[in-house]
Amino acid sequence: MGRSIVLDTSDGHRFGAYRADPEESPRGGIVVIQEIFGVNRHIRSVADRFAALGYVAVAPQIFDRHQPDIELGYEGDDVQKGRDIRVAVGFDKPVLDIAAAVTSLKSEGLKVATVGYCYGGALAWLSAARIPSLDAAIGYYGTAASFKDEAPTCPVMLHYGDLDEMIPSTDGAMLESLYPGVQSFVYPAGHGFNCDLRGSYHKDSAERALGRTMEFIAEHVG
């Protein structure tokens, strides 16, 4: 269903992305923002699922700023490697990559949402604050609260697990109290509950979160 494309950012960086298209005319666009494991098999499957639901999905390879085409697993040395690359790449430059993906979809006349996971969940929040053309943003178990002083300019939905030992599930309520355009949900699950390749995968929570995400996207994107 998907294919590799190349995008250019406002700071002159050229990078790869995975694009999946629906079989019929798209309802809108979704930028899928990776975890610390790169645009791997799981992230491509997420993009494919959004395409099957009627949206053009683009997953920018934000780790290309460190090394092209990085794909990591969820155990052993790959976890630490992903964390190290995240530190090296940071948050500011990846927002430019996400903006390039948003712009590419906007150029096709589509409304666009971002959906990010873990590291990508924080970047989804930043995209809502820093990309004025964005129509909606959804973050899964990310450190959005670390950027609470950056106000979103579009509606935002956040998903958390109450068994998450990395990200406090209370972050969502705090952000809701600061910004009226934010809504959050907490599930009986741990960190990474959406990823079916991880031991922390929680099918019921993942499906409930996806249902809410798609209703939110349908409302704000199409």
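Let me sum up the structure you'll find in this document.

Rules behind the numbers
- Residues numbered from 1 in each chain as written.
- Predicted model: local features only at pLDDT ≥ 70, side-chain atom pairs only at ≥ 80, totals over all residues.
- Heavy atoms only, no water.
- Helix = DSSP H or I, 4+ residues; strand = E, 2+ residues; numbered from the N terminus.
- Core = buried A, V, L, I, M, F, W, Y, C linked by side-chain atoms within 4.5 Å.
- Buried < 20%, exposed > 50% of the residue type's maximum accessible area, 1.4 Å probe, protein only.
- Contact = heavy atoms within 4.5 Å.
- Pairing = 2+ DSSP bridges.
- Axes fitted to C-alpha atoms, helices over the stretch in contact; angles between N-to-C directions.
- Salt bridge = Lys/Arg side-chain N within 4 Å of Asp/Glu carboxyl O.
- Phe/Tyr/Trp six-rings, centres within 6.5 Å; stacked < 30°, edge-to-face > 60°.

### Remarks on unusual backbone geometry
Most peptide bonds take the trans configuration, and most residues that are not glycine carry a negative phi. A positive phi is found at C118, a non-glycine position, where the angle reads about 60 degrees. With respect to the helices and strands, C118 occurs in the loop between β5 (112-117) and α4 (119-130). Positive phi is not limited to glycine here, since Y141 has a value of about 35 degrees.

### Considering the nonpolar core
In this structure, V31, F63, L123 and W125 are the most contacted members of the largest nonpolar core, which totals 47 residues. At the level of elements, β1 (2-8), β2 (14-20), β3 (28-33), β4 (55-60), α2 (77-89), α3 (92-106), α4 and β7 (156-161) are the ones that each hand at least two residues to this core. Per element, the largest residue contribution to this core is seven residues, and it comes from α4. The residues contacting L123, other than those within four sequence positions of it, are I33, I62, F91, P94, V95 and I98.

### Details of the environment of A51
Residue position: A51 is located in helix α1 (residues 41-52). Put simply, A51 and I36 are 15 residues apart on the chain and 23 Å apart in space, counted from C-alpha to C-alpha.

### A short note on the sheet that holds β2
Overall, mixed pairing links the eight strands, which are arranged β1-β2-β4-β3-β5-β6-β7-β8 in an open sheet. In this open sheet, the two edge strands, each paired with only one partner strand, are β1 and β8 (182-187). Between one strand axis and the next, the sheet turns through 20 degrees on average, direction left out of account. Across four bridges, the pairing between β2 and β4 is antiparallel.

### What to know about the pattern of salt bridges
In total, this model carries 11 salt bridges according to the counting rule given. D135 is paired through a salt bridge with K106; the nearest N and O atoms lie 2.7 Å apart. You can see D135 sitting in the loop between α4 and β6 (136-140) and its partner K106 sitting in helix α3, a full 29 residues away along the chain. Its relative accessible area of 27% is what places K106 among the partly exposed residues. A salt bridge links E150 to R130; the shortest N-O distance between them is 2.8 Å. In this pair, E150 sits in the loop between β6 and β7 while R130 sits in helix α4, placing the two residues 20 residues apart along the sequence.

### Focus on the packing of aromatic side chains
The full count for this structure, using the stated rule, is 10 aromatic pairs. Judged by centre distance (5.9 Å) and plane angle (80 degrees), the rings of Y140 and Y141 are edge-to-face. Ring plane angle 70 degrees and centroid distance 5.2 Å describe the contact between Y141 and F193, whose orientation is recorded as edge-to-face. Placement of Y141 in the loop between β6 and β7 and of F193 in the loop between β8 and α6 (203-220) is noted, with a sequence separation of 52 residues between them. Classification of Y141 by relative accessible area gives buried; the value is 1%. Residue class for F193 comes out buried when judged on its relative accessible area of 0%. Linked through ring pairs, Y117, Y140, Y141, Y187 and F193 together constitute an aromatic cluster.

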